[in-house]
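Survey of secondary and tertiary structure
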Amino acid sequence: SLCTLSFSSSSLRFSVRATSSRAMASHIVGYPRMGPKRELKFALESFWDGKSSADDLQKVAADLRSAIWKQMADAGIKYIPSNTFSYYDQVLDTTAMLGAVPSRYNWNGGEIGFDVYFSMARGNSSVPAMEMTKWFDTNYHYIVPELGPDVKFSYASHKVVDEYKEAKVLGINTVPVLVGPVSYLLLSKPAKGVEKSFSLLSLIDKILPVYREVVAELKAAGATWIQFDEPTLVKDLNAHQLQAFTHAYAELESSLSGLNVLIETYFADVPAEAYKTLTSLKAVTAYGFDIVRGTKTLDLIKQGFPSGKFLFAGVVDGRNIWANNFASSLNTLQALGDIVGNDKVVVSTSCSLLHTAVDLVNETKLDQEIKSWLAFAAQKVVEVNALAKALSGQKDEVFFSANAAALASRKSSPRVINEAVQKAAAALKGSDHRRATNVSARLDAQQKKLNLSVLPTTTIGSFPQTADLRRVRREFKANKISEEDYIRFIKEEIYNVVKLQEELDIDVLVHGEPERNDMVEYFGEQLSGFAFTANGWVQSYGSRCVKPPIIYGDVSRPKPMTVFWSSTAQSLTKRPMKGMLTGPVTILNWSFVRDDQPRFETCYQIALAIKDEVEDLEKAGITVIQIDEAALREGLPLRKSEEAFYLNWAVHSFRITNCGVEDTTQIHTHMCYSNFNDIIHSIIDMDADVITIENSRSDEKLLSVFREGVKYGAGIGPGVYDIHSPRIPPTEEIADRINKMLAVLESSILWVNPDCGLKTRKYTEVKPALTNMVAAAKLIRNQL
Ligand code: GLN
Ligand code: ZN
């Protein structure tokens, strides 16, 4: 390019060293599938709605794939992945490849098509979908394979070979990517009816024949490399599980001969034992490591790396949107090159770029300064190649100086630094923050003031968001209606929600959150230190994407965020009106977080901003305040050894928000999951007065904690019905649920509420459901 030409003299000088140590190549672990403007999402949804054909969908998909391959080829990437595209999910693709279709989908053999594939992903009119769960500690969700001793595996989807050939026709010899056989099994679950004790790993010899067939076809098609993603290697694995890797890759060795085999790991460093296992695999030519999150990787490699093998060094962060720090990456890569040889180091991404936004080019509203600090997937591809070239003696000086300048501006920008905030946050460290009085005394004081009946009823916050409501918010944002009109409309909405709740005879009311589009965005938009993108979408599952805010600077709250709406709502009723806030941990976990300070520091800053809001609400006469921590669990680290540290600062952050309120102010929190058994002690340590929690899909699981005798003194509202479904729960069913809870929990601490917010439901569902909920609470009260 022009840039390198104009700096030829300096690159020449640099190349003296590089020639002696030879070139570094470049590689990308995986790439987002949705497209820069969510093209795949719209194509999928249109196909599912019957508005377009399978051909239409396939055309959009093929165009996206070829655009990505070309983009990487143009950037100069040497090892370009294929089969990282998916119509829904890569684990489901593997299930299809292995023909591991659960029998309820009535698959009759043959190549698996859209019908069976999307039925597994989304269910159909007669059968529900397969389960979906979080992909490691990301916000991506995969479809969980359901396996048992009777599954008959067969090679039933040729997608990986088809996509390899498709790229080859375009002149690109790609690295086909497969979910590795051991990770596939470790990520699956025993099918219904299969004993829990069934060893999923015992299926390894049944799936390897399919892998062998795939490998043979890829070889025949001309593949020279293959990538197996084995990210489970970064988790806490036991000897038996590690042994499965040794076994599987030994079994595959002869089939793999003649191919270069890359085993890719990501999201953390590989623990020492696993590292030993991994680096002893004979069939393997190359290892991929996450150098960003895997802070100990460098040490492991120093202690020993098999000679002659390739090291794919993931220095460009796939989990974030920040521009790479070239100077520091060069140092790392040089250090690695010195150990294993420059010609054996391949510059790569820390993980698939699936977990970052797609292309910064489409951000027309972000200002230039912030933009210069960022790199989305498309930019990261260029970064990877620039690093590889620099280490081969072709450093693009202009690009590198621009990178250094952007980093320096980010470091010193007054938009990033707020010294008062930094001081306040620093002062929190090492100290503890708790309310002075213990929870049972507080509950007594609150009850004197609130005078609630036993088994009080409440909801989680949002009420249905009608099309009208969404339109008005949109028009206000686009300056199409005046602030006055907007406020009038929202007030009316609040009035209706308040009156409805009074009619339903609910005890603790909410204002319904009509002014909020999203529980994080609403706060982020009013806090300093946050930026929002126009197209920074990241796939969450299937066609669903989220657009996380970017926390780029010290966080502060210029002015109250919810006080106006909450006090307006309180003025409409004599019943207690819950103030409604999103907690610091949830705001953090659902954002792209700055990487220039520890996460806990950013979390403490958000906690201080929310603390100000809590105290302003209290001053305005709001006596019940709910601080949602829907995503607390999502931040749990992948390894047990790191859990305590995370839970400690996360719970501390929550307590900071409300440690300053009066005993008579009742603090609620809400969580969107029921599997909190393993973190129950941290949840108790949050020291909220009342916790509402999802429960209705798994009564037993939640209640078993209490049955096992965990001491719990605060108020608790395990959801009595599932808001994720349009179904209206009958009164008797809810009463039954309440009775079950009363078998393990004191009536004095039990609350009655739905599982989660009602925002996605219709009023025709919400009214009868809440009517039945209140009726059930009354029924049981009378029996107490
Ligand atoms: N208060 C929020 C609501 O009701 C909570 C949403 C959530 O937990 N995801 O919408
Ligand atoms: Zn929820």
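Quick caveat, the model's predicted, so the values are computed rather than measured.

**Re the overall build of the protein**
Counting its secondary structure elements, the protein contains 29 helices and 21 strands. Computed over C-alpha atoms, the radius of gyration of the protein comes to 28 Å, within 12% of the 28 Å expected from 2.2 N^0.38 for 784 residues, which places it in the range of a compact globule. When contacts within the protein are restricted to residue pairs at least 6 apart in sequence, those whose partners lie at least 24 apart make up 80%.

**Some words on helix 18 (residues 439-450)**
For helix 18, built from 12 residues, the straight-helix expectation of 16 Å at 1.5 Å per residue is met to within 8% by its first-to-last C-alpha distance of 16 Å. Of the residues making up helix 18, those classed as buried are Arg442, Leu443 and Gln446. Buried residues in helix 18, looked at end-on, bunch into an arc of 100 degrees, giving them a common side. Opposite its buried face, helix 18 presents the exposed residues Ala441, Asp444 and Lys448, each directed more than 90 degrees away. If you follow the buried residues of helix 18, they end up packed against strand 19 (666-671) and strand 21 (715-718). Remark: Asn451 follows helix 18 within two positions and exhibits a positive phi of approximately 50 degrees.

**So, the sheet that holds strand 8 (residues 225-229)**
The strand order across the open sheet built from 8 strands is 1-12-11-10-9-8-6-2, with neighbouring strands paired in parallel fashion. Bordering the open sheet on either side are strand 1 (25-26) and strand 2 (81-82), each of which pairs with just one other strand. Note: strand 9 (residues 260-264) against strand 10 (residues 286-290), 3 bridges, orientation parallel. What sits directly across from Ile263, in strand 10, is Tyr287.

**Details of the sheet that holds strand 17 (residues 578-582)**
In spatial order, the strands read 17-18-19-20-21; together these 5 strands make up an open sheet with parallel pairing. Across the chains shown, the open sheet's two edge strands, defined by having one partner strand only, are strand 17 and strand 21. In this sheet, neighbouring strand axes are inclined to one another by 20 degrees on average, regardless of whether the strands run parallel or antiparallel. Bridge analysis of strand 19 against strand 20 (residues 690-693) gives 4 bridges, and the strand direction is parallel. Note on strand 20: the bridge partner recorded for Met671 is Ile693.

**A word on the nonpolar core**
Membership of the largest hydrophobic core comes to 221 residues, with the highest contact counts inside it found for Ala313, Val346 and Leu387. Every residue in contact with Val346, bar those within four places of it in the chain, is listed here: Met24, Ala25, Ser26, His27, Tyr79, Phe310, Leu311, Phe312 and Ala313.

**Quick look at the packing of helix 7 (residues 159-169) against helix 9 (residues 204-221)**
Where helix 7 meets helix 9, the closest approach of the two axes is 10 Å, and the angle between their N-to-C directions is 15 degrees. If you check the angle between helix 7 and helix 9, you find them roughly parallel. The element helix 7 and its partner helix 9 pack so that their crossing is right-handed. The residues of helix 9 that touch helix 7, namely those facing Val160, Val161, Tyr164, Lys165 and Lys168, are Val214, Glu217, Leu218 and Ala221.

**What about the UniProt feature "active site" (unreviewed entry) in the protein?**
When the UniProt feature table is mapped onto this chain numbering, "active site" (unreviewed entry) sits at His724. Topologically, His724 is positioned in the loop between strand 21 and helix 28 (731-742).

**Considering unusual backbone geometry**
One non-glycine residue, Asn83, adopts positive backbone phi at about 65 degrees. Looking at the element boundaries, Asn83 is found in the loop between strand 2 and helix 5 (90-97). Even without being glycine, Asp687 reaches a positive phi, approximately 60 degrees. Positionally, Asp687 belongs in the loop between helix 26 (680-685) and strand 20.

The rules behind the values
Residues numbered from 1 in each chain as written. Chains lettered and ligands numbered in written order. Predicted model: local features only at pLDDT ≥ 70, side-chain atom pairs only at ≥ 80, totals over all residues. Helix = DSSP H or I, 4+ residues; strand = E, 2+ residues; numbered from the N terminus. Rg over C-alpha atoms; globule rule 2.2 N^0.38 Å. Contact = placed C-beta atoms within 7 Å. Expected span 1.5 Å × (residues − 1). Buried ≥ 20, exposed ≤ 12 C-beta atoms within 10 Å, placed from the backbone. Arc of directions from axis to C-beta. Pairing = 2+ DSSP bridges. Axes fitted to C-alpha atoms, helices over the stretch in contact; angles between N-to-C directions. Core = buried A, V, L, I, M, F, W, Y, C linked by C-beta atoms within 7 Å. Parallel < 35°, antiparallel > 145°, perpendicular 65-115°, else oblique. Left-handed = near helix turned anticlockwise from the far one by under 90°. UniProt positions renumbered as here; feature names shortened; annotations may be inferred.

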